[in-house]
Amino acid sequence: MKKIKILFRAALVLATCMTFSQSYAADPWPNHPIKFVVGFGPGGANDTVARVVAEAASKQLGQPIIVENKPGAGSVLGADFVAKSAPDGYTFFVSAGGIVTNPMIKSSMPYKEGDLVPVGMLAISPSIIVVSADSKINNMKDLLVLAKDPKGLNFSTAGTGSTPHFVAEMLKVKAGGKYEIIPYKSGSEGMVAVISNQVDATSEASVVVIPQIQGGKLKAIASTWNKRIAALPDVPTTKEQGYPEVFIGHWAGVFAPKGTPDAILEKMNQAINAGLKTAAVQSRLTPQGIEPSPGTRASFTKFLADEKARLEPIVKRASMKED
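Student: Any chance you could explain the overall build of the protein here in plain terms?
Tutor: A count of helices and strands for the protein gives eleven helices and ten strands. Projecting the C-alpha coordinates of the protein onto the three principal axes gives extents of approximately 100 × 45 × 35 Å. Residue burial in the protein is summarised as follows: out of 323 residues, 49% are buried. In the protein, of all internal contacts separated by at least 6 residues, the share reaching a separation of at least 24 is 77%. Only carbon and sulfur atoms are counted for the fraction: they give 57% of the accessible area of the protein, which is about 15,300 Å². Each charge class in the protein can be summarised by its mean position, and for the 35 positive and 27 negative side chains these summaries are 6 Å apart.

Student: Please explain the nonpolar core as it appears in this structure.
Tutor: In a soluble, globular protein the nonpolar side chains are often hidden away together inside. If you look at the biggest cluster of nonpolar residues, it comprises 46 residues, and the most contacted ones within it are Leu116, Leu143, Leu171 and Trp251. Tallying contributions element by element places helix H11 (residues 297-318) first for this core, with six residues. Once residues lying within four places of it in the same chain are set aside, the contact partners of Leu171 are Met140, Leu143, Leu144, Phe155, Gly176, Tyr179 and Val246. Core analysis: the second largest hydrophobic core is formed by 34 residues, Tyr90, Ala252, Ala256 and Ile272 among them.

Student: Teacher, can you tell me more about the side chain of Thr91 here?
Tutor: For Thr91, the position within the fold is in strand S3 (residues 91-95). Looking at Thr91, the relative accessible area reads 12%, which means it is buried. For Thr91, the residues in contact, after removing those within four places along its chain, are Lys35, Val37, Phe81, Val82, Ser85 and Pro257.

Student: I tried to follow helix H3 (residues 76-83) on my own but got confused; where do I start?
Tutor: Residues lying three or four places apart along an α-helix face the same way, a consequence of the helix completing one turn every 3.6 residues. Counting buried residues along H3, six of its eight residues qualify, which places the element largely inside the surrounding structure. Of the residues making up H3, those classed as buried are Val76, Gly78, Ala79, Asp80, Val82 and Ala83. In this fold, the buried residues of H3 make contact with strand S1 (34-38), S3, helix H4 (98-105), strand S4 (116-132) and strand S9 (249-257).

Student: Can you walk me through helix H7 (residues 187-195) in this structure?
Tutor: Looking at H7, one finds that the buried residues are Gly187, Gly190, Met191, Ala193 and Val194. All buried residues of H7 lie within an arc of 155° about the axis, which places them on one face of the element. Summarising the contacts, the buried residues of H7 are in contact with S4, strand S5 (153-157), strand S7 (201-205), helix H8 (206-214) and strand S8 (218-223). After H7 finishes, the residue Asn197 shows a positive phi value of roughly 60°.

Student: Help me out: how do you make sense of the pairing of S4 in this one?
Tutor: On a regular strand, each side chain points to the face opposite its neighbour's, so the side chains alternate between the two faces of the sheet. Counting buried residues in S4 gives 16 out of 17 residues, a clear majority hidden from the surface. Sheet topology note: the S4/S9 ladder contains nine bridges and is antiparallel. Bridge pairing in S9 places Met121 opposite Gly253. Two elements, S4 and S7, share four bridges in a ladder whose sense is antiparallel. Residue Ile129 lies in a different strand from S7, and its bridge partner there is Ser203. As paired strands, S4 and S8 are joined by five bridges and run antiparallel to one another. Bridging across to S8, Ile129 finds its partner in Ala222.

Student: Explain the pairing of S9 here, please?
Tutor: Of all nine residues in S9, eight are buried; the element is thus mostly enclosed. Relative to S9, S3 is paired through three bridges, and the arrangement is antiparallel. Following the sheet pairing, Ser95 is matched in S9 by Gly253.

Parameters and conventions
Residues numbered from 1 in each chain as written. Predicted model: local features only at pLDDT ≥ 70, side-chain atom pairs only at ≥ 80, totals over all residues. Heavy atoms only, no water. Helix = DSSP H or I, 4+ residues; strand = E, 2+ residues; numbered from the N terminus. Buried < 20%, exposed > 50% of the residue type's maximum accessible area, 1.4 Å probe, protein only. Contact = heavy atoms within 4.5 Å. Areas by Shrake-Rupley, 256 points an atom, 1.4 Å probe, with all protein chains shown as cover. Lys, Arg positive; Asp, Glu negative; His and termini not counted. Charge placed at Lys NZ, Arg CZ, Asp CG, Glu CD. Core = buried A, V, L, I, M, F, W, Y, C linked by side-chain atoms within 4.5 Å. Arc of directions from axis to C-beta. Pairing = 2+ DSSP bridges.

This is how it looks when you write it as structure tokens:
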């Protein structure tokens, strides 16, 4: 009899736990904290965007969104972590352009194309072509005159496949001239090389160069996006100066593991968009040269396809390979 009572109690406890577990799992998403994984270290443009948007979206969803940094291999380590996470709506990847270009440049990838699905665009930090403050270059015309000089133009980048590298290759093809592409370990180092007149020019994210422009150390020549940015309204675009093909930006978007339910993807997209439209988010991002870019899942998917189609020929023509 004693053994029967013990078995009965154990069965009752098990049934209660199962009922609680099923009830917890059946609760509407989200019912516990969400994670945004950033493929870069703290303090960069992607990390900044991720933290601002996470705070805003969490208010829409009623659950905390925790930002976790997993830097390495040009954001591949973070992407791979999310690609192999459970598709339950609690782990997302905050990407940069490398999610499009890394598979073109790297000899192998730890996850397959399609293992991460688009959720929504977050923001764009347009690339700004800059020269030192005392440079005689004042616009795209002056820049290209120097590029067509026998000595050519020294252009710093943040390494193979970085956005500055793409800008240099676009200039080479669309505008002509001679470009000595000089890679540095980071965009910040490439920018310092311009300030110190070690190189003639570079193109770096607006959030990176704006403080140096405002501090009188750099001169902005052009924005490589399709419209002027609010933080630098007097700086014309490459398109306005006759070179619409020189077009690229430092963008951030959200991805989820393949298999995440559509209802969750849609709800996260809506939360992100609502957050991006708030005055709190706009006031924190826009002064840094970061443009909030809400949109649908479909529009983000199209953007990614367009980027791949546009950038892949440049990778092949320049024979870009991982450093």
